[in-house]
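Structural features, examined
Letter by letter, the chains look like this.
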Amino acid sequence: MTSPTLPAWGQRLASTLAKTAGGLGLLLLLAWQGLPLVLKPQVEQQASKALGRQVTVEGIAFTPWTLELEVRGLRITKASGSGQTPDTDKAGDTASQLSIQRLYANAELASLFKLAPVVDAVRVEHPVLSLTRREDGQLDVQDILDHLAANATPPEPNAPPPRLAIHNIELVDGEVTLDDATARQQHQVRALHLSIPFIHTLGQGEAVREVRVEPKLAFSLNGSPFETQASTQPFSDSLRTEATLAIRDVNLTPYLAYLPPNLPVRPTQATLGAELKVAFAQTPQPSVKLTGHLSASNLTLTDARQQPLLQLASARIELADVRPLERVALLGDITLDAPHLSLARDAQGQLNTASSPGKTVAADTSKNNPPPAPDTAWTLGVAQFKLNQGRVDWRDALVRNARQQPTQLALTDLNLQASQLHLPLPTDASQAIALDISARIGQGGGAAAATPHTTRLSGQGTVLASEAQATLELQDLGLELLAPYLQAHLKPSLSGQLGMQAQLNWKPAATAGQPDDITLALPQLKLGQL
């Protein structure tokens, strides 16, 4: 039995297909093996020319049937101090300004039809960037920036952005080191991870690929972790986007050297944290909403004379509903633990909260040119404010005691609570602002340890838009605490104890231009041991 033979036209077609397949296979083989050999010197030459630095590549791999490109061991060398020859590291090798362990890109055939780059994935693995800020304040990459600027082509006015569609962009395990010679500091970014779903300038729905990554930025800065994540609906009418930011135990000490030198109040240490969620939507007006919390611990502030001003063990602020575009800021609980405020007045009558000693403050001309009033007032609210175990020290060098020493007073065991704080003031009695305060009063300084703070201060109050009421009770106030301020008007020495109960009532004026109605009553007043 003989096998059927193809007609002449079939044989010619089979021969053509076989030759085409063989040629295509040979072309793919040449592209697979030959293209990397051609690309490597071209990439090194063109990149070195563009940056003005030596650029080297360890190897390039290209897979033509999947359009995958891989670049390994990309390095940009450092320049020497003169900018002419590269620096070398301790081992004698050329030091790197930037090195990338692996750069991967997966292009798509749609690039040919769209006449624009269409990339399915880009991945940058273990990039390491080394920066130095010199004594003159410039970075050691300034020569690269100047070289790029000198050779850049100015964009055409009103030119559209370049057409491209790049998807699934990832940077993993990045490192950045900054040596700052001006501040004698080194800053390190480690475990840098950046994910971008896409960068798309083509038409909506045009050349859209499968998105496999979510927006994310995470890194460790000087040992403190940062992390942000986001989700978005870029092609929906609402453009709804949500992002989270997490910052844990950020020590501010390495960054304090960058503050201006003549601040009236200067932080000397602090640790910050935050967990925030930002939501954006266009429905139909743009709306931005912030929720989450901010925290601080071990906060220390000094005054212009570098003397202690404020110490704070911890603070926490909860953001319940903050919408800045709508002028709404509703906070949850605000808690301050163990704040210690040190107030002082010098012999010239200047407070330590003022600007630098001897510095003349420019005249305020804002009254002549007041800022325009906003169209809509802010709505502000705090669910609950708590101040726990606070202390206030007062040292007055302008008023001296009988021993000709500065007068010192102390407010200790200070506890303050306020709930349902709201502006504008509430009108409903069930939403009235409630206040509660308690503290002890005594001598400050070295006498505070020897003299117990037996004077007790306590008070409660409520506030509405239509009225406010407060009661205050003072027990066993030693009059000798007030003697330094009365000695200019009262020649005999003053001693004894004062106790009282006071009631304060306030109502706004019934008509514009009239004074508010304020009533102070003293149901009880006691003087003893005079």
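Here the structure is shown first, and the text comes after it.
To keep things clear, this report deals only with the structure shown in the data block. Values in this document were obtained by computation on a predicted structure and should not be read as measured data.

On to the environment of A279, then. With respect to the secondary-structure elements, A279 resides in strand β11 (residues 266–282). Note: C-alpha distance between A279 and T244 (35 residues apart in sequence) is 8.8 Å. What A279 contacts, discounting residues up to four positions off in sequence, is T241, E242, S287, V288 and K289.

Moving on, we get to the nonpolar core. When a protein is soluble and globular, its nonpolar side chains tend to lie buried together. V189, L192, F219, L221, F226, I247, V250, A274, L276, L319 and V322 form the largest nonpolar core, which has 11 residues in total. For this core, the secondary structure elements donating two or more residues are β7 (185–200), β8 (216–221), β10 (241–251), β11 and β13 (308–323). Ignoring anything within four residues of it in the chain, the contact list for L319 reads L276, L290, T291, G292, H293, L294, L330 and L331. Core analysis: the next-biggest nonpolar cluster, separate from the first, contains 10 residues, L51, V57, I60 and L74 among them.

What follows is about the pattern of salt bridges. Counted under the stated rule, the structure contains 19 salt bridges. A single salt-bridge network, built from bridges that share partners, covers E70, R72, R102, R123, E125 and E170.

Under the definition given, this model contains one aromatic pair. Measuring from ring centre to ring centre gives 4.9 Å for F219 and F226, while their planes differ by 15°; the resulting arrangement is stacked.

This brings us to a nonpolar patch on the surface. Taken together, L504, I518, L520, L522 and L525 make up a surface patch of nonpolar side chains, about 520 Å² in accessible area. Residue contributions to the nonpolar patch peak at four residues, all from strand β21 (residues 517–528). By the element assignment, L504 lies in strand β20 (residues 497–507).

Calculation rules
- Residues numbered from 1 in each chain as written.
- Predicted model: local features only at pLDDT ≥ 70, side-chain atom pairs only at ≥ 80, totals over all residues.
- Heavy atoms only, no water.
- Helix = DSSP H or I, 4+ residues; strand = E, 2+ residues; numbered from the N terminus.
- Contact = heavy atoms within 4.5 Å.
- Core = buried A, V, L, I, M, F, W, Y, C linked by side-chain atoms within 4.5 Å.
- Buried < 20%, exposed > 50% of the residue type's maximum accessible area, 1.4 Å probe, protein only.
- Salt bridge = Lys/Arg side-chain N within 4 Å of Asp/Glu carboxyl O.
- Phe/Tyr/Trp six-rings, centres within 6.5 Å; stacked < 30°, edge-to-face > 60°.
- Patch = residues over 30% accessible without salt bridge, like charges linked within 9 Å, V, L, I, M, F, W, Y side chains within 5 Å.
- Areas by Shrake-Rupley, 256 points an atom, 1.4 Å probe, with all protein chains shown as cover.

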